[in-house]
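# Understanding the architecture of this molecule
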Amino acid sequence: RVANPLAEYPNRDWERLYRDIFRHDRTFTFLCAPNDTHNCLLRAFVKNNVLVRIEPTYGYGKATDLSGRRASPRWDPRCCQKGLVLGRRLYGDRRVKGAFVRRGFKEWVERGFPRDPVTGRAPAELMRRGWDSFVRVPYEEAYALHARALENIARTYSGPQGARYLLAQGYDPAMVEAAGGSGVRTIKVRGGMAKLGVTRIVGTYRFGNMLALLDAHVRGVGPDQALGAGFWDSYSWHTDLPPGHPMVHGDQTSDWELFAAEHAGLVLVWGMNWITTKMPDSHWLTEARLKGTRVVVITVEYSATANKGDEVIVIRPGTDPAFALGLAQVIIRERLYDAAFVKRYTDLPRLVRLDTLEPLLARDVFPGHREAPLGNWTRVLARGESAPPAPAQDGMLIPEALRDEFVDFVVWDTRTGRPAPVSRDQVGEHFDRTGLDPALEGTFEVRLADGRPVPARPVFDLTRQYLDETMTPETVSKITWAPTEAIVGLAREIARHGGRTLFAMGMGPNQFFNNDLKDRAIFLVAALTGSIGRMGGNVGSYAGNYRTSLLSGVPRFAAEDPFNIQLGAAGPVAVRSTMRYESLHYYAAGEVIHRAGDKQFTAGAHVPTPTKAIWLTNSNSQIANTKYHYDVVFNTLPRQECLAINEWWWSGSCEYADIVYGVDSWMGLKYPDMTASNTNPFVQVFPRTPLRRNFPTVSDLDTYAGVAAALARLTGDGRFDDYWKFVRDNRVDVYLQRIIDGSAPLRGYNIADLEARAADGVPALMNTRTYPRTFSWEQVHESKPWYTKTGRLEFYRGEREFIEAGENMVVYREPVDSTFYDPNVIVARPHPALRPVAPE
Ligand code: SF4
């Protein structure tokens, strides 16, 4: 019999097993930073040298800026389920454990690069990517093979013989010409979403810039003629770029930091699954609702965000531009628009000539007209003058060669009943001071300087006619399948929340062929109601982590002049980009340019060069996840002779590579690195971690330095080696400090301090003008011009190609994708400003 079971309880030592599950030996902090735009410092717990669990650092509320201002504790905890299980990635069976070289590629190099005498092609039997096997080799051997291949490719495709080979391989003559006789130009580099590692990933571009040394060696040209590699885009390639944004405001993308939600009266979550994809920032949306913000979700399916909305409007995929134009029609028809905003900040009052459909210019109308000088936050760079470094720039800089694009335009002044010139400087208060009251509606006969009369109408009036005749709620309902009353009701809501509507746009609608029109139409709705440039009223587009402009000092690392290398830790850095930008779309479409009949649509700087060698880091989107994957792998990739990939997880792209370098994960970085985000206000440092390397991996930076050292040995030119001095010396902080010193929102920070803070789980705040950062703030609050020809938000494109395409006005085109109607057709009744060149 047991009198007291608790006192008599048998040995309980076994319980220690459970208590010890969460015991750890030590902890360390690392930064999780995939392309989800968030970035989270996480604390890892280590037991017996094994990372056993991860949790948030709870350090975000301690972040401060240079003035000591502190972030809200509401930023904590910051993490998501994916970050919490990263240990599985760290130890997973698909980690790349070492350096691997494809057997056929190795043989090709070791046999001295045999080639077809006519075409220069490598033997097909040695280029069996995807079927061939890999050999694990020491990293040094892989670097040497890689360097030899790059040198041979540069030599083979340089000069007249190189051009003959490329033409014999079937490349378009315009592409061959674009290479400028340099084989180095056929080498392409791509660091995927490079901002996610400003030295680790951007280093791929630094490597490409360095290759001008190889060009100088191969072609025997001087530094002024030497060309670097080609480099590919990420943001636009991923369809993250909203292409209508630059057409409206002149910058890459307008955005607002997600914690602005509670400043708004109305948030439209449009084609964006905020709750699912903005994990650590989803609470800002739900908390905004608690504070009274109304949330309307516009979507093509019932998403996780849909059930967080006060209202859900489901539309047919790809009809977003029509939906926005329907909203604009109601706002104009019911005269709910903000006329003052429209007249002060947009080009809607600008007169368009009905004869040519081009905007009327002041010099066309007023005899002897002299263009107004540009002085509102703008300076014209004299010919030959180079732009100062980003932190020293106070406003826009316009090269003199482009000055003629930024000329005075014309409005119809209702006070005098005459046309009047308006300069680019005259935005906001500057426009008020002109005393003009421009007409928004009407047709006016304007006498040109040569005496000829031309009819002209304001952009607003042309747009209004199109909307009234084509984009009524009833028609838009038929196109989009949204109920008529939902279109009318939402338009009134947006107008009621004038200046306080946030448009949160996802990348879903970016996928459609007509996505530029989607952006232009949404900006039209926002501009009509004054919801631009305000903390609670703005347009934002959310996809990848793209905004490198926040780290404007990056060129001090990526584009250091390879012929003038700064070997001192503190000296000035000479910046000179030797590379050539190309869009990856041409590669994915079979390495062709667009021609139709005798017209070459792809011209000038858009023409890509042939691709013979590729180096990809942090990127699975060009090969394995590419659009047209089959075509790329079977028809395009065989034309390349060297494909190197850096990965920490064996991806589908690795399967088709020639060289795969296994690199460190975020949890095992041995050099510090840095990143920032377009959706939150933090600059974040990847601290070095004490975690022992479990597998034979190296840093991405070691791979660039390693191949550079092999090139130095091959060519006898020590500058290849010097270019990576601070990697070799384990002083990557020198490169990071250079970037910080050159970045306007970071200048004043010290990398050692930022790394120490990060190791403690605390980020730092970017020093931007507003918190949250607000695109167009300066324009709307300080009357500064946007980055456009008129200095205003532009809704009319007068360039010839837009007029020929029928997209001079914001119209609706049925997308070519997922439609059962006539693809690409412009939905419009006959209109005096729509004269597209039609198929014969
Ligand atoms: S939200 Fe993104 S950055 Fe943060 S823990 Fe999750 S995956 Fe990592």
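Residues numbered from 1 in each chain as written. Predicted model: local features only at pLDDT ≥ 70, side-chain atom pairs only at ≥ 80, totals over all residues. Heavy atoms only, no water.

A separate point is the side chain of Ser665. Assignment of secondary structure puts Ser665 in the loop between strand S25 (659-662) and strand S26 (673-676). Setting aside chain neighbours within four positions, we find Ser665 in contact with Leu90, Arg95 and Trp648. (Helix = DSSP H or I, 4+ residues; strand = E, 2+ residues; numbered from the N terminus. Contact = heavy atoms within 4.5 Å.)

Time to look at the site of the ligand. The environment of the ligand is made up of Cys32, Pro34, Asp36, His38, Asn39, Cys40, Cys79, Cys80, Gly83, Met279 and Pro280. When its residues are assigned to classes, the shell around the ligand shows 7 nonpolar, 3 polar and 1 charged. (Near = heavy atom within 4 Å. Nonpolar A, V, L, I, M, F, W, Y, C, P; charged D, E, K, R; others polar.)

A separate point is the pairing of strand S23 (residues 613-617). Across the 5 residues that make up S23, a large majority, 5, are buried. Residues Ala613, Trp615 and Thr617 point to one face of S23 and Ile614 and Leu616 to the other, with burial holding for every one of them. Here 5 bridges tie strand S6 (residues 187-191) to S23, and the two strands are oriented parallel to one another. Directly across from Arg190, in S23, lies its bridge partner Leu616. Pairing analysis gives 5 bridges linking S23 to strand S24 (residues 642-647), with the strands arranged parallel. Residue pairing for S24: Ile614 is matched across the bridge by Leu643. Between the parallel elements S23 and S24, the chain passes through helix H24 (residues 629-636) in a crossover that is right-handed. (Buried < 20%, exposed > 50% of the residue type's maximum accessible area, 1.4 Å probe, protein only. Pairing = 2+ DSSP bridges. Right-handed = clockwise from strand over helix to strand, strands pointing away.)

One open sheet accounts for 3 strands, arranged S1-S2-S3; its pairing is antiparallel. At either margin of the open sheet sits one strand with a lone partner, and together these are strand S1 (26-32) and strand S3 (50-56). Averaged over all adjacent pairs, the angle separating strand axes in this sheet is 35°, with direction ignored. For S1 and strand S2 (residues 40-47), the ladder comprises 7 bridges, and the chain directions are antiparallel. Paired with Phe30 across the two strands is Leu42, which belongs to S2. (Axes fitted to C-alpha atoms, helices over the stretch in contact; angles between N-to-C directions.)

Attention now moves to the sheet that holds strand S16 (residues 444-447). Strand order in this open sheet of 3 strands is S11-S17-S16, and the pairing throughout is antiparallel. The sheet terminates laterally at strand S11 (351-353) and S16, the two strands that pair on one side only. Within the sheet, the average angular offset between the axes of one strand and its neighbour, ignoring direction, is 45°. The pairing of S16 with strand S17 (residues 453-458) spans 4 bridges and is antiparallel. Paired with Arg447 across the strands is Pro453, a residue of S17. Helix-sheet contacts for helix H18 (residues 459-470) involve S11 and S17, and the interaxial angle to S17 is about 70°.

Attention now moves to unusual backbone geometry. Of note, the amide linkage connecting Asp76 to Pro77 takes the cis form, showing an omega dihedral of -10°. In this structure, Pro77 sits in the loop between S3 and helix H3 (81-84). Residue Pro772 follows Tyr771 across a cis peptide bond; omega there is 5°. Along the chain, Pro772 falls in the loop between strand S28 (764-765) and helix H31 (777-782). Unusually for a residue other than glycine, Asn618 sits at a positive phi of about 55°. Here Asn618 is to be found in the loop between S23 and H24. If you check the backbone angles, Tyr628 has positive phi at about 55° while not being a glycine. Position of Tyr628 relative to the elements: it lies in the loop between S23 and H24.

This brings us to the state of the cysteines. Considering all chains together, one arrives at 0 disulfides under this definition. In this model Cys79 remains outside any disulfide bridge; the closest cysteine sulfur is found in Cys40, 6.7 Å from its own. When its relative accessible area of 19% is taken as the criterion, Cys79 is described as buried. (Disulfide = S-S within 2.5 Å.)

Before going further, it helps to spend a moment on the packing of helix H9 (residues 203-210) against helix H10 (residues 212-219). Contact geometry of H9 with H10 gives a least axis separation of 4 Å together with a crossing angle of 20°. Regarding the angle of H9 to H10, the classification is roughly parallel. Where H9 approaches H10, its residues Gly208, Asn209 and Met210 are matched on the opposing element by Ala212, Leu213 and Leu214. (Parallel < 35°, antiparallel > 145°, perpendicular 65-115°, else oblique.)

For the structure shown, the criterion picks out 69 salt bridges. Of the charged contacts in the structure, one is a salt bridge between Arg769 and Glu778, with a shortest N-O distance of 3.3 Å. Salt bridges sharing common partners tie together Arg335, Glu441, Arg457, Asp461, Arg464 and Asp468. (Salt bridge = Lys/Arg side-chain N within 4 Å of Asp/Glu carboxyl O.)

Before going further, it helps to spend a moment on a nonpolar patch on the surface. Residues Tyr9, Trp14, Leu17, Tyr18, Ile21 and Phe22 make up a contiguous nonpolar surface patch of roughly 740 Å² in combined accessible area. Locating Tyr18 in the fold gives a position in helix H2 (residues 15-19). Residue classification places Tyr18 among the exposed positions, given a relative accessible area of 54%. (Patch = residues over 30% accessible without salt bridge, like charges linked within 9 Å, V, L, I, M, F, W, Y side chains within 5 Å. Areas by Shrake-Rupley, 256 points an atom, 1.4 Å probe, with all protein chains shown as cover.)

Moving on: the domain arrangement of the chain. The domains assigned to the chain are domain 1 (1-92 + 666-679 + 733-765), domain 2 (99-235 + 548-598 + 613-663 + 698-730) and domain 3 (244-325 + 472-546). Using C-alpha coordinates to define each centre, domain 1 is positioned 34 Å away from domain 3. Counting from both sides, the interface comprises 17 residues of domain 1 and, opposite them, 20 residues of domain 3. In this assembly, domain 1 packs against domain 3 so that about 1500 Å² is buried in total across both faces, 49% of it on carbon and sulfur atoms. Inspection of the region where domain 1 meets domain 3 yields 3 salt bridges. Among the salt bridges present, the one from Glu287 reaches Arg74, with a minimum N-O distance of 2.5 Å. Taken together, the links from domain 1 to domain 3 amount to 10 residue pairs in polar contact (both at pLDDT 80 or more). Across the side of domain 1 that touches domain 3, the residue classes tally to 5 nonpolar, 8 polar and 4 charged. (Domains from an automatic or database assignment. Buried area = accessible area lost by both parts, 1.4 Å probe. Polar contact = N/O pair within 3.5 Å; in protein donor to acceptor, adjacent residues only side chain to side chain.)

Turning our attention to the packing of aromatic side chains. Counting across every chain of the model gives 39 aromatic pairs. Look at Trp270 and Phe323: their rings are 5.6 Å apart centre to centre, the planes differ by 80°, and that puts the pair in the edge-to-face class. Placement of the pair is Trp270 in strand S8 (residues 266-270) and Phe323 in helix H14 (residues 320-333), with a sequence separation of 53 residues. Every member of this aromatic cluster is reached through a ring pair, and the members are Tyr139, Tyr143, Phe207, Trp615, Tyr661, Tyr704, Tyr723 and Trp724. Positioned over the ring face of Phe45 is Arg53, at 4.0 Å from the centre of the ring. Of note, Arg89 hangs over the ring of Trp649, and the distance from its end group to the ring centre comes to 4.6 Å. (Phe/Tyr/Trp six-rings, centres within 6.5 Å; stacked < 30°, edge-to-face > 60°. Lys NZ or Arg CZ within 6 Å of the ring centre and 35° of its normal.)

Axis separation between helix H6 (residues 139-156) and helix H26 (residues 700-715) bottoms out at 8 Å; the angle between their running directions is 60°. It follows that H6 is oblique to H26 by the angle criterion. Of the two possible hands of crossing, H6 and H26 adopt the one that is right-handed. For the pair H6 and H26, contact is made by Glu140, Tyr143, Ala144, His146, Ala147, Arg148, Leu150 and Glu151 and by Asp702, Thr703, Gly706, Val707, Ala710, Leu711, Arg713 and Leu714, respectively. When grouped by side-chain class, the residues that make up the contact of H6 with H26 number 8 nonpolar, 3 polar and 5 charged. (Left-handed = near helix turned anticlockwise from the far one by under 90°.)

Turning our attention to helix H5 (residues 103-110). Among the residues of H5, Gly104, Phe105, Lys106, Trp108 and Val109 are the ones counted as buried. In this structure, the buried side of H5 is in contact with strand S4 (99-102), strand S5 (134-137), H6, S24 and S25. One or two residues past the end of H5 sits Gly112, with phi positive at roughly 85°.

On to the environment of Val46. Mapped onto the secondary structure, Val46 falls in strand S2. Among the residues examined, Val46 registers a relative accessible area of 0% and is labelled buried. Separated by 45 residues in the primary sequence, Val46 and Arg1 have C-alpha atoms spaced 46 Å apart. Filtering out sequence-adjacent residues up to four positions away, Val46 remains in contact with His24, Asp25, Arg26, Phe28, Leu51 and Leu691.

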